[in-house]
Each structure stands twice: as C-alpha cells, then as structure tokens.
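# Working through the structure, step by step
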Amino acid sequence: MKILVPVKRVVDYNVKVRVKADGTGVDIANVKMSMNPFDEIAVEEAVRLKEKGAATEVIAVSCGVAQCQETLRTALAIGADRAIHVETDAELQPLAVAKLLAALVGKEAPGLVILGKQAIDDDANQTGQMLAALLDRPQATFASKVEVAGDKAQVTREIDGGLETVAVSLPAIVTTDLRLNEPRYVTLPNIMKAKKKPLEKVTPADLGVDVAPRLKTLKVSEPAGRQAGIKVADVAALVDKLKNEAKVI
Amino acid sequence: MTVLVIAEHDNASIKGATLNAVSAAGQLGGDVHVLVAGQNAGAAAQAAAQIAGVAKVLHADGASLAHGLAENVAAQVLELAGGYGHLVFAATASGKNVAPRVAARLDVAQLSEITKIISADTFERPIYAGNAIATVQSADTVKVITVRGTAFDAAPATGGSAAVEAVAAVGDAGSSAFVGNELAKSERPELTAAKVIVSGGRALGSAEKFNEVITPLADKLGAAIGASRAAVDAGYAPNDLQVGQTGKIVAPQLYVAVGISGAIQHLAGMKDSKVIVAINKDPEAPIFAVADYGLEADLFTAVPALTQAV
C-alpha cells in the first residue's frame, strides 16, 4: 500500500507575522519558512506505518512555489521515499489543492492519504475533507491514533469533549491532530540521503486542474489590539481588583 | 436567499454552538432554517424549533445519521442544499469535519471560522492564529461557512415556534462506521461556553500538580478548566482541554492563566476574553502583555492563596 502525504510550506510557527502596511497581506519576505507542523506529524505517521510493514511506499507532495522543494526534502529526510512537486506561483486555496491532490491520487492510487488537519497560515482546516469528498472516499479527521488492518483503518479522533473511534474502508483520507505522534528529529545522514531521493515536478496544467482562487481577499488587517493591564502586588490586591474593579467574581 | 444552519446536537438537545451559528445566520438576511440530522432526534428537532429567529426546522431521522459520520451528514446536507444561499455550520469538531465535504461536492470555497459578517458575501476571518484578520469575498453561488462561536452572541434558546418538517434520511454510505467513543464526564461548564476558565500551563510540572492546583480554584469559581498546548503535550491535561490555535477558542468573562507563558498559539485561543488574569513567576512572560491583571508570583503558593481568598 502506498501512502500519499501532502505537505505545506508555511511561515515557521515561532514567527509572529506582521500585517503589511498597505493591507494586502502579511509580510513573509525574509521570514523563516518551515513544514506545517501538522504535516510533519502526517509524514511521521506515514513513515511509521511503513516501518511497521503496513505500507510499502511513502510519497510526499507539495503544491506551490519553487521553494516547496525544501519542504519536500524535509519530508524525504524524515523518511518519505519520493516526492512530487506541483509547481505554481498562483495563490492556492484549499479547494484547488484538494483538486490537485485528487488528480495525483488518480495516478498513484494510494491506500491512505494522510494530511495535517490545518495549516497554521490560513487556518482553514478544509483540504483533507475536501479531498475525501472529491474522491468520494471516507475520512477520519483529527486523528490521534491510526491502525491499519487489512482493507480498513481504525482511527481514534479528537472531538469536542473527548475521543471517538471510527473504522474507514481503504482507500481513505486521514487528517492528523497534535497527539498522533511526536515527529523524529531529522539527522544529518538522512538529510544527505534525502538529497538523492527522486523528486518529480508537475504543473497544475499537467494535472488538468484549474486552480483559480474562489475567494477574493479584500484586505488583511491587524486584529484589535489588547492593552497590557497592570501588575498587582499580591493575591489580596488581585482579589480586590477582580471584585471591585472588573466585577467578574 | 434562505439560510440553512446545520445543528449540532446529541439527538436529545441542541449544542450551544448552534445558537451562535443561528445568530450569525440571522445577520445574512433571509429566513433561517435549521437541519437536525440524527437518529431518534425528535427532542433535538423540537428544541431547534424553539430557538428565536428560526423559521423552519428540517428533521432527518435515520440510522445512517446516528453518530454524525461526515460521509452521511454531508450527503444529507447536499440532498437539501438546493435553494439555499448559505449553508452555515458551527466551527466545532463536528462542523469542521462535515462542512468542507459539502463545499467540495458543491464545487465552492468554504469560509472557515468567520468572526464578522460584512455583507451576505463578505466576511472577516482570522488567519495566522489570529495575528491577522482577512476580509474575504466569495463569488460562489452558495456560501459554505463555519462560524466561530465566540464572535457571535448566542440566539435565545426559547421564544421561537418554528414548524418541524420531516425529511427523508439518506442511506448509509457504507464506507465508514462508528466504533465507539470516550467522552469526558464532567459537572463543569463546557469550555467554549464557560463564563470563567482557569487554565494551566507547563509550569505546573505534572498531571498531579495540575489537578492539585487548578481544580480547587476552578471548583471555587464554578469555572471550566483549560490547558495550554505545552501542558497537553506534556501529558498534564487531556487534549480536549487545550485552548489555542489548534484547540478550543474561548472568550469567557474571566480567564485565569496559571503558569502559562503565553505563546502566540495560546493567545490566539483566549485573547478575546473579557478579563485576563496571569499568574506567572517569569516577569518577562508574554502573557503579561495581554493580561488585565498580572501577578508575578510562584503559582504553587499564589493559586492556593487565591483559592482561599475568593
């Protein structure tokens, strides 16, 4: 069984982004870019399934600008076997990415597609579910445990108020939540090895997908600021403020 | 155009987040209909009919809908979607699971976690963990939306008297099955609906200390308990208590952050709280930059003292 793992290049999660003065977006020039953390968990899970013998090949995919290849090399260093770069400079929204991935699933026929539940830039939380819908396949989102047995996967999901377990017939789409695993540290020998692994380039046109954005961003602005308050000297002063000034207790 | 809100429910009652979604739907113009898709969900459908501002309730009842499986619920929504201009979901685990499936089948974009409605096709939504707010416009004929509950007041749960119309339930897609669940049983208010939240971070040091320090204060304040991602990652608290970009988004009247440094991802989940209290011994902790009241102190003495004093 092949596993397809889409990975997204995003602003590193430690970077606090700044909104551009002209309101057209956030300033990502010269900021550190990394693999979306949830996607790293997805790659790790796919590699573990391969190591356990539940999968035979892990294929990483990234859609976007030329530098996405760096993100793909990271996936290869974690342990993916080969990579596909869908290269485009166009703005990609989740529906377009889902269509690109659906086209690749058509070519590669993976038994599982494992994606991050959301990217930490647009916070959309859509692509996996959309891919499942386009393929008319079952989905198990927000996974904290994945077990593959025969032609089914049993997935424990993080839901509001606790956990839920579902069984999905393969091929299926899984999206990862934080607790699924802790991605390994990438070692230097593996980074070197990753440079030699195959990386194939295709374009949206090759896949026959129209990636034109459906949503128009009219402007991007700073959120309403929150002023720092005051420091109180001790617990008694805090209780006094909460009772008499804020009146919340 | 009429708006269809997909209710979140447990077959017996309507979940709070649905009330916020109904109130957002009311701002779109046009009648608001609510879909209750479940099994033996008559009571939930009746409850939906009582919500102020709801013109009609569609009640689909069948075994395929018993556990809210995304494949079947999405199919049910698609079955009814014709004629609606907006399909509105609460941005909960369940809404987020189903909505994109519906949007993709309709070949339309989805607007995730909207926080403000500018017009029927233009919305504000946070991006980059709330560090920026995007104003986005949809040209699609149908708008599939998830609503961030904290950004919209809850519609009154009573006062309405909508008609309940039974609609045929879809069959089971057959590709997924519910196996079981483990839901935390708690007498506490639900995190996303609580008026007061006491939240603990990594500084608590262990699950035992988390419980020993946070729980008594939460009990005293009648508060829900939250946790930072660091505390969840370290195993001090279960994931469903996580507040932040990748956990729950909350906006209580009072948020007490105990031993939480205030990473961007955490602030994203709680900075709309009315009053924020931070207790931390690190004077440089970023949490103090958003706190109304900061107490620079050792939490292991300050929190028990606070528990005593309130």
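Presented here is an overview of the structure given in this document. Everything quoted here is computed from the prediction, not taken from an experiment. (Residues numbered from 1 in each chain as written. Chains lettered and ligands numbered in written order. Predicted model: local features only at pLDDT ≥ 70, side-chain atom pairs only at ≥ 80, totals over all residues.)

Right, let's get into the overall build of chain B. Secondary structure assignment for chain B yields eight helices and 16 strands. Here the C-alpha atoms of chain B give a radius of gyration of 21 Å, agreeing with the 19 Å that 2.2 N^0.38 yields for 310 residues. For chain B, the C-alpha atoms occupy an extent of roughly 60 × 40 × 40 Å along the three principal directions. Sorting the 310 residues of chain B into buried and exposed places 61% on the buried side. Sequence-distant contacts in chain B: of pairs separated by 6 or more residues, those separated by 24 or more amount to 66%. (Helix = DSSP H or I, 4+ residues; strand = E, 2+ residues; numbered from the N terminus. Rg over C-alpha atoms; globule rule 2.2 N^0.38 Å. Buried ≥ 20, exposed ≤ 12 C-beta atoms within 10 Å, placed from the backbone. Contact = placed C-beta atoms within 7 Å.)

This part is about the overall build of chain A. Each helix and strand in chain A was counted, giving seven helices and 13 strands. Over its C-alpha atoms, taken along the principal directions, chain A stretches across nearly 65 × 45 × 40 Å. For chain A, the residues scored as buried account for 50% of the 249 residues in total. The long-range share in chain A, meaning contacts at least 24 apart out of those at least 6 apart in sequence, stands at 69%.

Across the sheet, ten strands lie side by side as β11(A)-β5(A)-β4(A)-β1(A)-β6(A)-β10(A)-β7(A)-β8(A)-β9(A)-β11(B); this open sheet has mixed pairing. Taken across any chain shown, the strands that pair with only one partner, and hence form the sheet edges, are β11 (199–202) of chain A together with β11 (176–183) of chain B. Each strand of the sheet is rotated relative to its neighbour by a mean of 25 degrees, with strand direction disregarded. Bridging between strand β5 (residues 82–87) of chain A and β11(A) involves four bridges; their strand directions are parallel. Within β11(A), the position partnered with Ala83(A) by the bridge is Leu199(A). Against the sheet, helix α4 (residues 127–135) of chain A contacts β6 (112–116), β7 (139–149) and β10 (172–176) of chain A, and its axis sits at roughly 65 degrees relative to β7(A). (Pairing = 2+ DSSP bridges. Axes fitted to C-alpha atoms, helices over the stretch in contact; angles between N-to-C directions.)

Once that is clear, we can look at the environment of Ser62(A). Residues and elements named next belong to chain A. Following the sequence through the fold, Ser 62 ends up in strand β4 (residues 57–64). For Ser 62, a count of 28 C-beta atoms within 10 Å gives the class buried. Distance in space between the C-alpha atoms of Ser 62 and Gln 126 is 16 Å, their sequence separation being 64 residues.

Let's shift gears to the interface of chain B and chain A. Listed per partner, the contact involves 68 residues of chain B and 63 residues of chain A. Of the residues that constitute the side of chain B that touches chain A, the class distribution is 38 nonpolar, 19 polar and eleven charged. The sheet contact formed by strand β13 (residues 230–232) of chain A and strand β16 (residues 293–296) of chain B spans three bridges and is parallel. Bridging from a neighbouring strand, Ile230(A) pairs with Tyr293(B) of β16(B). (Nonpolar A, V, L, I, M, F, W, Y, C, P; charged D, E, K, R; others polar.)

This part covers the sheet that holds strand β6 (residues 116–119) of chain B. The strand order across the open sheet built from four strands is β12(A)-β8(B)-β7(B)-β6(B), with neighbouring strands paired in antiparallel fashion. The open sheet has two free edges, formed respectively by β12 (215–221) of chain A together with β6 of chain B, since each of these has just one partner strand. Averaged over all pairs of adjacent strands, the angle between strand axes in this sheet comes to 30 degrees, irrespective of strand direction. As paired elements, β12(A) and strand β8 (residues 132–138) of chain B share six bridges and run antiparallel to each other. Within the sheet, the bridge partner assigned to Ser221(A) lies in β8(B) and is Ile133(B).

An α-helical turn contains 3.6 residues, so any two residues separated by three or four positions project in the same direction. Within helix α3 (residues 70–80) of chain B, eight of the eleven residues are buried, which leaves it mostly tucked inside the rest of the structure. Taken together, the buried positions of α3(B) are occupied by Ala70(B), Glu71(B), Asn72(B), Val73(B), Ala74(B), Ala75(B), Gln76(B) and Val77(B).

All names here are of chain A. Looking at chain direction, β7 and β10 are connected through three bridges and run parallel. Counterpart to Ala 140 in the pairing with β10 is Val 174. Judged from the six bridges that link them, β7 and strand β8 (residues 152–159) form a sheet pairing that is antiparallel. Along β8, the bridge assignment pairs Ala 143 with Arg 157. Two successive antiparallel strands, β7 and β8, enclose a turn made up of two residues, where Gly 150 displays a positive phi of approximately 65 degrees.

All right, on to the packing of helix α5 (residues 207–221) of chain B against helix α8 (residues 299–309) of chain B then. Residue and element names in this part refer to chain B. One way to put it is that α5 packs onto α8 with a least axis distance of 9 Å and a crossing angle of 20 degrees. When the axes of α5 and α8 are compared, the pair comes out roughly parallel. Crossing geometry of α5 relative to α8 is assigned as left-handed. Residue-level inspection shows Val 213, Pro 216, Leu 217 and Lys 220 of α5 in contact with α8, the latter providing Leu 299, Phe 300, Val 303, Leu 306 and Thr 307. When grouped by side-chain class, the residues that make up the contact of α5 with α8 number seven nonpolar, one polar and one charged. (Parallel < 35°, antiparallel > 145°, perpendicular 65-115°, else oblique. Left-handed = near helix turned anticlockwise from the far one by under 90°.)

All names here are of chain A. In terms of burial, β10 is a largely internal element, five of the five residues being buried. Strand direction decides the pairing type here: β6 and β10, joined by five bridges, are parallel. In the strand pairing of β10, Ile 114 is matched with Val 174.

Residues and elements named next belong to chain B. Here α5 is 15 residues long and its end C-alpha atoms lie 21 Å apart, about the 21 Å a rise of 1.5 Å per residue gives. When the local axis directions of α5 are compared, the greatest deviation, roughly 30 degrees, occurs at Ile 214, which is followed within four positions by the proline Pro 216. Regarding α5, the residues found buried are Phe 210, Val 213, Ile 214, Leu 217, Ala 218 and Leu 221. On its buried side, α5 packs onto β12 (196–200), β13 (224–227), α6 (229–233), β14 (254–258) and α8. Trailing α5 by a residue or two, Gly 222 shows a phi angle of about 60 degrees, which is positive. (Expected span 1.5 Å × (residues − 1). Bend = angle between axes of the 7 residues up to and from the residue.)

Let us now look at the nonpolar core. Val5(A), Ala60(A) and Ala48(B) are the most contacted members of the largest nonpolar core, which has 201 residues in total. With nine residues, helix α3 (residues 94–108) of chain A is the single largest residue contributor to this core. (Core = buried A, V, L, I, M, F, W, Y, C linked by C-beta atoms within 7 Å.)

With that settled, consider the packing of helix α7 (residues 235–245) of chain A against α8(B). Put simply, α7(A) and α8(B) touch, their axes get as near as 9 Å, and they point 45 degrees apart. Accordingly, the angle class assigned to the pair α7(A) and α8(B) is oblique. Helix-helix and strand crossings are classified by hand; for α7(A) and α8(B) the assignment is right-handed. Each of Val235(A), Ala236(A), Leu238(A) and Val239(A) in α7(A) lies in contact with α8(B), whose residues at this interface are Ala302(B), Ala305(B), Leu306(B) and Ala309(B). A breakdown of the residues in the contact of α7(A) with α8(B) according to their chemical character gives eight nonpolar, no polar and no charged.

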